[in-house]
Every structure is written in C-alpha cells, then in structure tokens.
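If you want the building blocks of each chain, they are given just below.
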Amino acid sequence: MIGIIIALLSAFFMTGMQILLKKSYKELDPAVAYLFDMLFGLVIWIPIGFIFGATFEGILNCLLYAVISAILSEALVFYALSKGNLSVSTVLIATYPVYTLLFSFLINNERLTLIQISLVLITIIGTILTAFDSDLYCIWCKLFIFFSF
C-alpha cells in the first residue's frame with residue numbers, strides 16, 4: 001500500500017515539475033534548464049547513493065550507460081516539453097510503459113497476455129487521438145463510436 005501512495009505522490013510531483021519546467025522556458029533555454037536539472041540531481045543523488053552503500057567500484061562500466069540514459073530519458077523530455085503543448089507532450093511522454101512492454105517482449109522474450117495486448121492497443125489509440133488537434137479528434141471519436149456499435 002505504501003508503494004502505491006508513494007507512486008501517486010511521485011506522479012503528483014512530476015506534474016508540478018513539468019508545469020514549472022514549461023513555465024521556465026519563457027526565461028531559460030531548454031539546454032540551460034536541463035543543465036540545472038542535472039546539477040541538482042547530482043547534488044541530491046550522489047550523497048543519497050553513498051548513504052545507501054554505493055561505492056566507486058565498477059563506475060567506469062556503468063558510466064556509458066548512465067550518459068546514454070540521461071540523454072534519452074531526460075534531455076529528450078526537456079526538448080519535447082519545450083517544443084510542444086504541455087497537455088499533449090506529457091501524455092505522449094507518459095506512454096513509456098507501453099514501449100517497456102513491447103521492448104521487454106522483443107528483447108527479454110517475455111510473453112504478453114491477450115489482456116495486456118488489448119490494453120496496449122487501446123493506449124496507443126488513445127495516445128494518437130490525444131495528439132490530434134480538436135477538429136480531427138472529433139472526427140476520429142465519431143468514427144470510433146460509429147464502428148464500435
């Protein structure tokens with residue numbers, strides 16, 4: 001139960017972070033905002049890592065993966081939020097679990113149930129509909145309702 005509460009709190013704080021981040025783009029370049037985020041992350045996470053027992057042993061092995069991960073998971077998010085509408089960008093970014101399922105299927109040979117496949121397809125359709133502007137969205141909704149019945 002505590003995990004669910006913390007996950008919901010995390011989602012709430014991420015919402016606030018994305019709204020404030022988008023607002024900061026009026027005064028800061030996205031690259032500068034990303035730099036501040038990374039520096040703040042280092043100030044917080046390095047001491048926490050040592051508190052939980054991290055060591056420098058094997059740091060070179062994970063450095064490449066850490067840099068690639070930071071670029072793919074953070075820098076692209078900052079860029080996407082700076083270029084698009086917040087309401088659409090965050091919905092598109094929040095579809096990463098769908099891709100986690102798909103890549104886990106392809107890379108780890110994990111099997112998906114029929115229910116998981118169905119829900120992934122519904123999520124993809126919902127994401128596509130969210131990305132359209134309102135007039136095209138209404139047309140898609142009408143077509144979806146028409147073909148559902």
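Residues numbered from 1 in each chain as written. Predicted model: local features only at pLDDT ≥ 70, side-chain atom pairs only at ≥ 80, totals over all residues. Heavy atoms only, no water.

Undergrad: Would you mind going over the layout of surface pockets in detail, with residue names and values included?
TA: Of the voids in this model, the largest pocket is the one considered here, and its volume is about 1,600 Å³. The wall of the largest pocket is formed by 39 residues, among which Asp-37, Met-38, Trp-45, Ser-73 and Glu-74 lie closest to the centre. Residue assignment for the lining of the largest pocket shows that the elements contributing at least two residues are helix H1 (2–24), helix H2 (30–51), helix H3 (59–83), helix H4 (86–93) and helix H5 (96–108). At 13 residues, the largest contribution of residues to the lining of the largest pocket is made by H3. (1 Å grid on protein atoms, 1.4 Å probe; cavity = no way out; pocket = protein on both sides within 12 Å on 5 of 7 lines; lining within 4 Å. Points joined across faces, edges and corners; volume = space filled by probe spheres on them. Helix = DSSP H or I, 4+ residues; strand = E, 2+ residues; numbered from the N terminus.)

Undergrad: Explain the environment of Lys-22 residue by residue, including any values.
TA: Its place among the elements puts Lys-22 in helix H1. Along the sequence, Lys-22 and Ala-33 sit 11 residues apart, while their C-alpha atoms lie 9.8 Å from each other. Discounting chain neighbours no more than four positions away, the residues touching Lys-22 are Leu-81, Ser-82, Gly-84 and Leu-86. (Contact = heavy atoms within 4.5 Å.)

Undergrad: Give me the side chain of Ser-104: which residues, what numbers.
TA: Inspection of the secondary structure assignment puts Ser-104 in helix H5. According to the relative accessible area criterion, Ser-104 is buried, its value standing at 12%. Excluding residues that lie within four positions of it along the chain, Ser-104 makes contacts with Asn-109 and Glu-110. (Buried < 20%, exposed > 50% of the residue type's maximum accessible area, 1.4 Å probe, protein only.)

Undergrad: Any chance you could break down unusual backbone geometry for me, citing the residues and the numbers?
TA: Note: most peptide bonds trans; most residues except glycine with negative phi. One non-glycine residue with positive phi stands out, namely Asn-109, at about 55°. Of note, Asn-109 is situated in the loop between H5 and helix H6 (114–131). On the basis of relative accessibility, which here comes to 53%, the residue Asn-109 falls in the exposed class.

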